[in-house]
Amino acid sequence: MSAKCPQLPIAIKRVYDAPAATDGHRLLVERLWPRGMKKEALQLDGWLREVAPSTELRQWFGHEPARWDEFQRRYQAELEAHPAAWQPILDAAKAGPVTLLFSSRDTEHNNTVALRAFLLARRPG
């Protein structure tokens, strides 16, 4: 990794996992509040609803792994159309670690995995 293109400190974590000191800036990146979670338990620094996929896209995907590639393509298009929704995450990551929080049981096929990949592709360089 060159100094010209540093790796941004962006991690992902389920909301049901305990907060850790290494999480840094903790951001919930879902449109809906996670079931059964009290606000205090999440220790959030922010809830960025607008960076989550549209309701239509989320419902179409339905956490079907067979739709994963197309979901990522459509979600990326939504993100590209709304940079003000995700730019605060990149700004926070320049200052230190950021942890994006999600509630999905599927830890490999969810919007936060796609969002992190999208953000890392835009790291400064």
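For the structure given in this document, a descriptive report is provided here. (Residues numbered from 1 in each chain as written. Predicted model: local features only at pLDDT ≥ 70, side-chain atom pairs only at ≥ 80, totals over all residues. Heavy atoms only, no water.)

### Some details on the side chain of S54
Here comes step 1: For S54, the position within the fold is in the loop between β3 (46-47) and α2 (55-61).
Here comes step 2: Residue classification places S54 among the buried positions, given a relative accessible area of 16%. (Helix = DSSP H or I, 4+ residues; strand = E, 2+ residues; numbered from the N terminus. Buried < 20%, exposed > 50% of the residue type's maximum accessible area, 1.4 Å probe, protein only.)

### Description of the packing of helix α3 (residues 68-81) against helix α5 (residues 111-120)
A pair of packed helices is captured by two measures, namely the crossing angle of their axes and the spacing between those axes.
Here comes step 1: One can describe the packing of α3 onto α5 by two numbers: an axis separation of 10 Å at closest approach and a directional angle of 55°. Between α3 and α5, the angle falls in the class oblique. Crossing of α3 against α5: the hand is right-handed. Contacts between α3 and α5 pair W68, F71, Q72, Y75, Q76, L79 and E80 from the former with N111, V113, A114, L115 and F118 from the latter.
Here comes step 2: Here the residues of the contact of α3 with α5 sort into eight nonpolar, three polar and one charged. (Axes fitted to C-alpha atoms, helices over the stretch in contact; angles between N-to-C directions. Parallel < 35°, antiparallel > 145°, perpendicular 65-115°, else oblique. Left-handed = near helix turned anticlockwise from the far one by under 90°. Contact = heavy atoms within 4.5 Å. Nonpolar A, V, L, I, M, F, W, Y, C, P; charged D, E, K, R; others polar.)

### Details of the pairing of strand β2 (residues 25-28)
Here comes step 1: Note: β2 against strand β4 (residues 98-102), four bridges, orientation parallel. Looking across to β4, one finds that H25 is bridged to V98.
Here comes step 2: Relative to β3, β2 is paired through two bridges, and the arrangement is parallel. Directly across from L27, in β3, lies its bridge partner G46. (Pairing = 2+ DSSP bridges.)

### Considerations on the sheet that holds β4
To summarise the sheet geometry, strands pair through backbone hydrogen bonds and adopt either a parallel or an antiparallel arrangement.
Here comes step 1: Strand order in the open sheet formed by four strands is β1-β4-β2-β3, and the pairing between neighbours is parallel. Where the open sheet ends on each side, the last strands, each with one partner, are β1 (10-14) and β3.
Here comes step 2: Where helix α4 (residues 83-95) meets the sheet, its contacts fall on β1, β2 and β4, and the angle it forms with β4 comes to roughly 140°.
Here comes step 3: Lying over the sheet, α5 contacts β1 and β4, oriented at roughly 175° with respect to β1.

### Observations regarding the packing of aromatic side chains
Here comes step 1: Evaluated as defined, the whole model comprises six aromatic pairs.
Here comes step 2: On the basis of an interplanar angle of 20° and a centroid distance of 5.9 Å, the ring pair of W68 and F71 is categorised as stacked. Taken together, the residues W68 and F71, both in helix α3 and three residues apart, mark about one turn of the helix. No difference in accessibility class separates W68 from F71, as the two residues are buried.
Here comes step 3: Among the aromatic residues, ring-to-ring pairing joins F61, W68, F71 and Y75 into one connected group.
Here comes step 4: Taking NZ or CZ as reference, R49 lies 3.5 Å from the ring centre of W47, over its face.
Here comes step 5: The ring of W60 has R74 lying over it, and the distance from NZ or CZ to the ring centre is 4.0 Å. (Phe/Tyr/Trp six-rings, centres within 6.5 Å; stacked < 30°, edge-to-face > 60°. Lys NZ or Arg CZ within 6 Å of the ring centre and 35° of its normal.)

### Quick look at α3
Here comes step 1: End to end, α3 covers 20 Å across 14 residues, agreeing with the expected 20 Å (1.5 Å per residue, within 8%).
Here comes step 2: Along α3, the residues classified as buried are W68, F71, Y75 and L79. Buried residues in α3, looked at end-on, bunch into an arc of 70°, giving them a common side. Along α3, the residues that are exposed and aim more than 90 degrees away from the buried face are D69, R73 and A81.
Here comes step 3: Elements that come into contact with the buried residues of α3 comprise α2, α4 and α5. (Expected span 1.5 Å × (residues − 1). Arc of directions from axis to C-beta.)

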